[in-house]
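Structure assessment
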Amino acid sequence: MKKLLLLFFILLFFSCTAENNDGSDVENDPTNDLTIPLSLYQKIYKTTSDIYIEGGYVYINTNGVPDHKSPYFLGTEWETQQYAAYDGSNPFVTNFNLNPNRISALSLTFKIPISPRKGNGNNPTRMGEIGVSLNGVPFYNQYAGMNQPLTREVNSFDQYNGHPAPMGPGQENGTSGRYHYHMEPFWLTQNHGKNGLIGFLLDGFPVYGPQESGRTINSSDLDDYHGHSHATSDFPDGIYHYHTTADDPYLNGSGYYGTPGTVSQ
Ligand SMILES: [Zn+2]
Ligand SMILES: [Zn+2]
């Protein structure tokens, strides 16, 4: 009888635990207590120092130089190992045009909140880095300049869908460049899966490739920020996340879903 009672209490305990788990709707609760574990940031494999957490932020240092080949290594210190001519494989490119910039090593520090939360809905992205991909290359938004579409820039994207930009105002243009992705980084989705985690935006929410549950998604499946909430392989309890899509705006819509951290150099 004692044994039966014990069994009863054990069963009761487990059934209560299950109810609690079912009752907490993490996926749809913008004020959830999600904290992204260091092990997930450590999927960012091309960094210039250890990834560490301090004061509620994760710090990720990269030089922004891609680990895949590119025509934009021409004439650089990495040319022998990393240069490859454009191979005609990028479906977004109709008439490839090598731009005058070349890949250079940067010193970027991404400071990203480890407990991402829904923001106030008014956190627009700026020109320049808006996040970091697994190979340390920065993500940029859907514009070539202030609210200018990527229409012409697309033709300078290489076979892995990236390109270098000039260093910016006051800097030497034409000889140095910040390599970046505005769209799906083909190298990463080839190596980590079309549905794989490919990086994080500055607000701490993860970015996935263009497929989900065996289906290619597009912008109409996503909200204005270009994301949505549900369980992923890395976050079985559900999380807000962005996706790359083949249609505009490709990676991020009308700004960050959460409150962004910073990037410095
Ligand atoms: Zn660009
Ligand atoms: Zn999704």
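This is a predicted model, so every value here is computed, not measured.

Cut-off values and rules
Residues numbered from 1 in each chain as written. Chains lettered and ligands numbered in written order. Predicted model: local features only at pLDDT ≥ 70, side-chain atom pairs only at ≥ 80, totals over all residues. Heavy atoms only, no water. Phe/Tyr/Trp six-rings, centres within 6.5 Å; stacked < 30°, edge-to-face > 60°. Helix = DSSP H or I, 4+ residues; strand = E, 2+ residues; numbered from the N terminus. Buried < 20%, exposed > 50% of the residue type's maximum accessible area, 1.4 Å probe, protein only. Lys NZ or Arg CZ within 6 Å of the ring centre and 35° of its normal. Donors = N, O, S within 2.8 Å, 3.2 Å for Na, K, Ca; no water. Tetrahedral: all angles 85-135°; square planar, octahedral: opposite > 155°, others 65-115°. Core = buried A, V, L, I, M, F, W, Y, C linked by side-chain atoms within 4.5 Å. Contact = heavy atoms within 4.5 Å. Polar contact = N/O pair within 3.5 Å; in protein donor to acceptor, adjacent residues only side chain to side chain. Salt bridge = Lys/Arg side-chain N within 4 Å of Asp/Glu carboxyl O. pLDDT = per-residue confidence, 0-100. Pairing = 2+ DSSP bridges. Axes fitted to C-alpha atoms, helices over the stretch in contact; angles between N-to-C directions.

**Side note on the packing of aromatic side chains**
Tallying each qualifying case throughout the model produces twelve aromatic pairs. Relative to Phe96, the ring of Tyr86 has its centre 4.2 Å away and its plane inclined at 15 degrees; by these criteria the two rings are stacked. With Tyr86 in the loop between helix 3 (79–82) and strand 3 (108–113) and Phe96 in the loop between helix 3 and strand 3, this pair connects stretches of sequence that are ten residues apart. For the ring pair Phe205 and Tyr257, a centre distance of 5.3 Å and an interplane angle of 75 degrees mean the geometry is edge-to-face. On the criterion of sequence distance, the pair formed by Phe205 in the loop between strand 8 (197–201) and strand 9 (206–208) and Tyr257 in the loop between strand 13 (239–243) and strand 14 (262–264) is long-range, its members being 52 residues apart. In terms of burial, Phe205 and Tyr257 fall into one category: buried. Over the aromatic face of Tyr57 sits the side chain of Lys111, whose NZ or CZ is 4.5 Å from the ring centroid.

**Quick word on the coordination of the zinc ion (ligand 2)**
Binding of the zinc ion (ligand 2) to the protein goes through Glu212 (OE), Glu212 (OE), His228 (NE2), His230 (NE2), His241 (NE2) and His243 (NE2), at separations of 2.0 to 2.6 Å. Bound by six donor atoms, the zinc ion (ligand 2) shows angles of 54 to 163 degrees at the metal and therefore irregular coordination geometry. In primary-sequence terms, the residues that donate to the zinc ion (ligand 2) follow E-x15-H-x1-H-x10-H-x1-H. With His228 in strand 12 (residues 227–230) and His241 in strand 13, this pair connects stretches of sequence that are 13 residues apart.

**Quick notes on the nonpolar core**
Core analysis: the largest hydrophobic core is formed by 49 residues, its most contacted members being Ile60 and Tyr242. Mapped onto this core, the elements with two or more residues apiece are helix 2 (38–41), strand 2 (57–62), strand 3, strand 7 (178–181), strand 8, strand 9 and strand 13. Leaving out residues up to four positions away in the same chain, Ile60 has contacts with Tyr41, Ile44, Thr47, Ile51, Leu108, Thr109, Phe110, Ile112 and Val132.

**So, the coordination of the zinc ion (ligand 1)**
Bound to the zinc ion (ligand 1) on the protein side are His163 (NE2), His180 (NE2) and His182 (NE2), at distances that span 2.0 to 2.1 Å. When the donors of the zinc ion (ligand 1) are listed by position in the chain, the intervening gaps give H-x16-H-x1-H. Of this pair, His163 sits in strand 6 (residues 162–165) while His182 sits in the loop between strand 7 and helix 4 (186–192), and the two are 19 residues apart along the sequence. Since its relative accessible area comes to 1%, His163 is described here as buried. Under the relative-accessibility criterion, His182 is labelled buried at 1%.

**Description of the side chain of His228**
A residue is classified by how much of its surface remains accessible, and His228, at 19% relative accessible area, is buried. Looking at His228, its side chain comes within polar contact range of the side chain of His230, at 3.0 Å.

**A look at the pattern of salt bridges**
According to the stated counting rule, one finds five salt bridges in the structure shown. Among the salt bridges present, the one from Glu129 reaches Arg178, with a minimum N-O distance of 2.6 Å. In this pair, Glu129 sits in the loop between strand 3 and strand 4 (131–133) while Arg178 sits in strand 7, placing the two residues 49 residues apart along the sequence. The closest approach of N and O atoms between Arg215 and Asp221, which form a salt bridge, is 3.4 Å. You can call Arg215 partly exposed: its relative accessible area is 47%. Each of Arg126, Glu129 and Arg178 takes part in a single network of salt bridges with overlapping partners.

**Notes on the confidence of the model for the chain**
Within the chain, residue pLDDT values average 88, and 84% of them lie at 70 or more. Low confidence marks residues 10–31, where pLDDT is under 50. Its contacts with residues over four positions away, or in another chain, come to ten contacts. Residue range residues 170–175 is modelled with pLDDT below 50. Its contacts to residues more than four positions away, or to other chains, number seven contacts.

**Topic: the sheet that holds strand 1 (residues 52–54)**
With respect to topology, four strands assemble into an open sheet ordered 1-2-3-14, the strand pairing being antiparallel. Across the chains shown, the open sheet's two edge strands, defined by having one partner strand only, are strand 1 and strand 14. Geometrically, the sheet is characterised by an average inter-axis angle of 25 degrees between neighbouring strands, direction not taken into account. Sheet topology places strand 3 next to strand 14; three bridges connect them, and they run antiparallel. Pairing of Thr109 across the sheet is with Ser264, part of strand 14.

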